[in-house]
Amino acid sequence: MSKYSALFAKQAYIMVKSGSKSKRIAEINKNIASTGFHADESLSNRDILYLKNDKTKEIFISHRGTDSTGSKKTKTDIRQDLNFALGREAHDKATKKNVNRTNNLVKQAPKDYKISMSSHSLGNVAMMESLKKKKEVRRRVSEAHSYNGAMSPFTNNKVSKAVEKDLKAKVTHHRTKEDLVSINHNNSIGKVETHETKDLKKIKKVPEHLNK
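Residues numbered from 1 in each chain as written. Predicted model: local features only at pLDDT ≥ 70, side-chain atom pairs only at ≥ 80, totals over all residues. Heavy atoms only, no water.

J.: Any details on the pairing of strand 2 (residues 48-53)? Residues and values, ideally.
T.: With six of six residues buried, strand 2 is to be regarded as a mostly interior element. With two bridges connecting them, strand 1 (residues 38-39) and strand 2 associate as antiparallel partners. Following the sheet pairing, Ala-39 is matched in strand 2 by Leu-51. Relative to strand 3 (residues 58-63), strand 2 runs antiparallel, the two sharing six bridges. Bridge pairing in strand 3 places Leu-51 opposite Phe-60. Hairpin connection from strand 2 to strand 3: four residues lie between these consecutive antiparallel strands, with Lys-57 at a positive phi of about 60 degrees. (Buried < 20%, exposed > 50% of the residue type's maximum accessible area, 1.4 Å probe, protein only. Helix = DSSP H or I, 4+ residues; strand = E, 2+ residues; numbered from the N terminus. Pairing = 2+ DSSP bridges.)

J.: So what's going on with helix 7 (residues 161-170)? Which residues, and what values?
T.: Those residues of helix 7 lying buried are Val-163, Leu-167 and Lys-170. Axial view of helix 7: buried residues confined to an arc of 65 degrees, hence all on one face. What points out from helix 7, more than 90 degrees from its buried face, is the exposed set Lys-161, Ala-162, Lys-165 and Ala-169. Contact partners of the buried residues in helix 7: helix 5 (123-133), helix 6 (135-140), strand 5 (141-147), strand 6 (171-176) and strand 7 (191-195). (Arc of directions from axis to C-beta. Contact = heavy atoms within 4.5 Å.)

J.: Which residues make up the packing of aromatic side chains, and what are the values?
T.: The way to describe two aromatic rings as a pair is by their centre distance and the angle between their planes. What the rule picks out here adds up to five aromatic pairs. Taken together, a centroid distance of 5.7 Å and an interplanar angle of 35 degrees make the contact between Tyr-4 and Phe-8 tilted. Exposure remark for Phe-8: the relative accessible area of 0% places this residue in the buried category. Taking 6.1 Å as the distance between ring centres and 75 degrees as the angle between the ring planes, the aromatic pair formed by Tyr-4 and Phe-37 counts as edge-to-face. Of this pair, Tyr-4 sits in the segment before helix 1 (5-11) while Phe-37 sits in the loop between helix 2 (21-31) and strand 1, and the two are 33 residues apart along the sequence. The two residues Tyr-4 and Phe-37 agree in class, both being buried. Connected via pairs of aromatic rings, a cluster forms that spans Tyr-4, Phe-8, Phe-37 and Phe-60. (Phe/Tyr/Trp six-rings, centres within 6.5 Å; stacked < 30°, edge-to-face > 60°.)

J.: Describe helix 4 (residues 93-108), naming the residues involved and giving the relevant values.
T.: Taking 1.5 Å per residue, 16 residues should reach 22 Å; helix 4 reaches 23 Å between its end C-alpha atoms and fits that length. All of the buried residues in helix 4 are Ala-94, Thr-95, Asn-98, Val-99, Thr-102, Asn-103, Leu-105 and Val-106. (Expected span 1.5 Å × (residues − 1).)

J.: Provide a residue-level description of the side chain of Ser-118, including the pertinent values.
T.: Mapped onto the elements, Ser-118 comes out in strand 4 (residues 114-120). Judged by its relative accessible area of 0%, Ser-118 is buried. Polar contacts involving the side chain of Ser-118 include one to the main-chain carbonyl oxygen of Ser-5, which spans 3.1 Å. Beyond its immediate chain neighbours, meaning those up to four positions away, Ser-118 contacts Ser-5, Phe-8, Ala-9, Phe-60, Ile-61, Ser-62, His-63, Met-127 and His-145. (Polar contact = N/O pair within 3.5 Å; in protein donor to acceptor, adjacent residues only side chain to side chain.)

J.: Describe the pattern of salt bridges, naming the residues involved and giving the relevant values.
T.: Side chains that carry opposite charge are capable of pairing whenever their charged atoms lie near each other. If you walk through the whole model with that rule in mind, you get 10 salt bridges. Here Asp-47 makes a salt bridge to Arg-64, at a shortest N to O gap of 2.7 Å. A residue pair is termed long-range when its members are at least 10 positions apart, and Asp-47 in the loop between strand 1 and strand 2 and Arg-64 in the loop between strand 3 and helix 3 (74-85) qualify at 17 residues. An identical accessibility class is assigned to Asp-47 and Arg-64; each is buried. Across the pair Lys-133 and Glu-129 runs a salt bridge, and its minimum N-O distance is 2.8 Å. In this pair, Lys-133 and Glu-129 are both assigned in helix 5, four residues apart and thus about one turn of the helix distant. Owing to a relative accessible area of 5%, Glu-129 belongs among the buried residues under this scheme. (Salt bridge = Lys/Arg side-chain N within 4 Å of Asp/Glu carboxyl O.)

J.: An account of unusual backbone geometry is requested, with residue identities and associated values reported.
T.: Excluding glycine, a negative phi dihedral is what most residues carry, and trans is how most peptide bonds are arranged. The phi dihedral of Lys-57 falls on the positive side, at around 60 degrees, and the residue is not glycine. Turning to its location among the elements, Lys-57 is positioned in the loop between strand 2 and strand 3. One non-glycine residue with positive phi stands out, namely Ser-121, at about 55 degrees.

Next up, the structure:
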């Protein structure tokens, strides 16, 4: 797996902080300076963080989880959470918007760049819907990692056998044993890795925000 997937999933939350977009992007770039990636201000928004490493020819798309800061995105996120809980995420307006945006980002990415994705909590919904519904996203994305990703028992995960096989090879859901949001990942598409909370500090690829 990409050693930066957890770090990038965490950075997406900075996009809902107060202050100018340039200031938020600068904070993210400071946090990830050692990775060789940089956040693209023109292609990132409050829901999706777009990171690029021109030296290694890699692109990383990170989907943010639920905003609980009380910002203007909080109400939209809560509505998404409710639709997800009812298994209606595929029909949610905000989710559809993020799926289409993800598809557009993938389509405009340089053809010789490797694309990876990560997400946390609610961000898993848009990430998985993108992979399930958009052929180009499935074709271009080489790996995807969710951290305590939201999954409802009512989610419709019916896909063709070919798509299921493809996603099982690319998607890994990381979750902590006690997490309730991701408890239904046994019904999800992809590999599931369950970690003991007490062992988080020993597992470098699982971030502290997994326990959020």
